[in-house]
Amino acid sequence: MSTAAENDHLDRAIDLAAANVAEGGGPFGAVLLTADGRGFDGVNRVTADHDPTAHAEVLAIRAACTELGTHELPGAVLYASCEPCPMCLASALWARIDTVVFAADREDAAQAGFDDAAFYGYFDTPGSDDLLRTEQHRRAGAAAPFTAWRDHEDRAEY
């Protein structure tokens, strides 16, 4: 069961998405609420910025991390107007966000022409080359950057 405050954040994400459509952007909005209550908004800017990674959720995460000077957001909640795609979910995982709450789902998005089902399927079927072929070409020294990382005393862990 959600609280009134949670509903407000989710409603804001939906409003951001609708306003973004009116401005020529994609129908996705996100609000990231940090553990200490600060809010950061994001809207889909894929076509505006010619950047396939400029999803609303990613932009909200980027804004929060830049403003707060960190790469991790423990205790944060990400409110999204629609179920996040695999990239956005992975971004939330890397940012150590605690919870993702969304309104519309992938079927709603598919009805509007945003069918992420193929992407979800790609990750559900490891090794599937139908969507994106991946190949490992192991080279001598391929692991050298990791050795350098382990040996670097001033590294910033993540």
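Residues numbered from 1 in each chain as written. Predicted model: local features only at pLDDT ≥ 70, side-chain atom pairs only at ≥ 80, totals over all residues. Heavy atoms only, no water.

- The chain is annotated in an unreviewed UniProt entry as Nucleoside deaminase of Brachybacterium tyrofermentans.

Regarding the overall build of the chain
Phase 1: Of regular secondary structure, the chain possesses seven helices and four strands.
Phase 2: Tracing the chain from N to C terminus, the helices and strands come up as α-β-β-α-α-β-α-β-α-α-α.
Phase 3: Seen through its C-alpha atoms, the chain measures out along the principal axes to roughly 55 × 40 × 35 Å.
Phase 4: Burial statistics for the chain: of 158 residues in total, 30% are counted as buried. (Helix = DSSP H or I, 4+ residues; strand = E, 2+ residues; numbered from the N terminus. Buried < 20%, exposed > 50% of the residue type's maximum accessible area, 1.4 Å probe, protein only.)

Quick look at the pairing of strand E3 (residues 77-82)
Phase 1: Taking burial as the measure, the six residues of E3 include six buried ones, the bulk of the element.
Phase 2: In this structure, strand E1 (residues 29-33) lies alongside E3, joined through four bridges in antiparallel fashion. Bridge pairing in E3 places Leu32 opposite Leu78.
Phase 3: Of the strand pairs in this sheet, E3 and strand E4 (residues 99-104) are connected by five bridges, and their pairing is parallel. Bridge assignment links Ala80 to a residue of E4, and that residue is Phe102. (Pairing = 2+ DSSP bridges.)

As for the pattern of salt bridges
Phase 1: Counted according to the given criterion, the structure contains seven salt bridges.
Phase 2: Between Asp41 and Arg12 there is a salt bridge, and its shortest N-O distance comes to 2.2 Å. You can see Asp41 sitting in strand E2 (residues 39-43) and its partner Arg12 sitting in helix H1 (residues 4-22), a full 29 residues away along the chain.
Phase 3: Taking the relative accessible area as the measure of exposure, Asp41 reaches 32% and is therefore partly exposed.
Phase 4: The class of Arg12 is partly exposed, set by a relative accessible area of 41%.
Phase 5: Notably, a salt bridge pairs Arg45 with Asp49, separated by 2.6 Å at the nearest N-O pair. (Salt bridge = Lys/Arg side-chain N within 4 Å of Asp/Glu carboxyl O.)

Things to note about the environment of Thr53
Phase 1: Its place among the elements puts Thr53 in the loop between helix H2 (46-49) and helix H3 (56-68).
Phase 2: Sequence separation of Thr53 and Met87 is 34 residues, and the distance between their C-alpha atoms is 8.0 Å.
Phase 3: Here Thr53 is in contact with Val58, Arg62 and Met87, once residues within four sequence places are set aside.
Phase 4: Here the side chain of Thr53 touches Asp51 through a polar contact of 2.6 Å, side chain to side chain.
Phase 5: Of note is the side chain of Thr53, whose polar atom sits 3.0 Å from the side chain of Arg62. (Contact = heavy atoms within 4.5 Å. Polar contact = N/O pair within 3.5 Å; in protein donor to acceptor, adjacent residues only side chain to side chain.)

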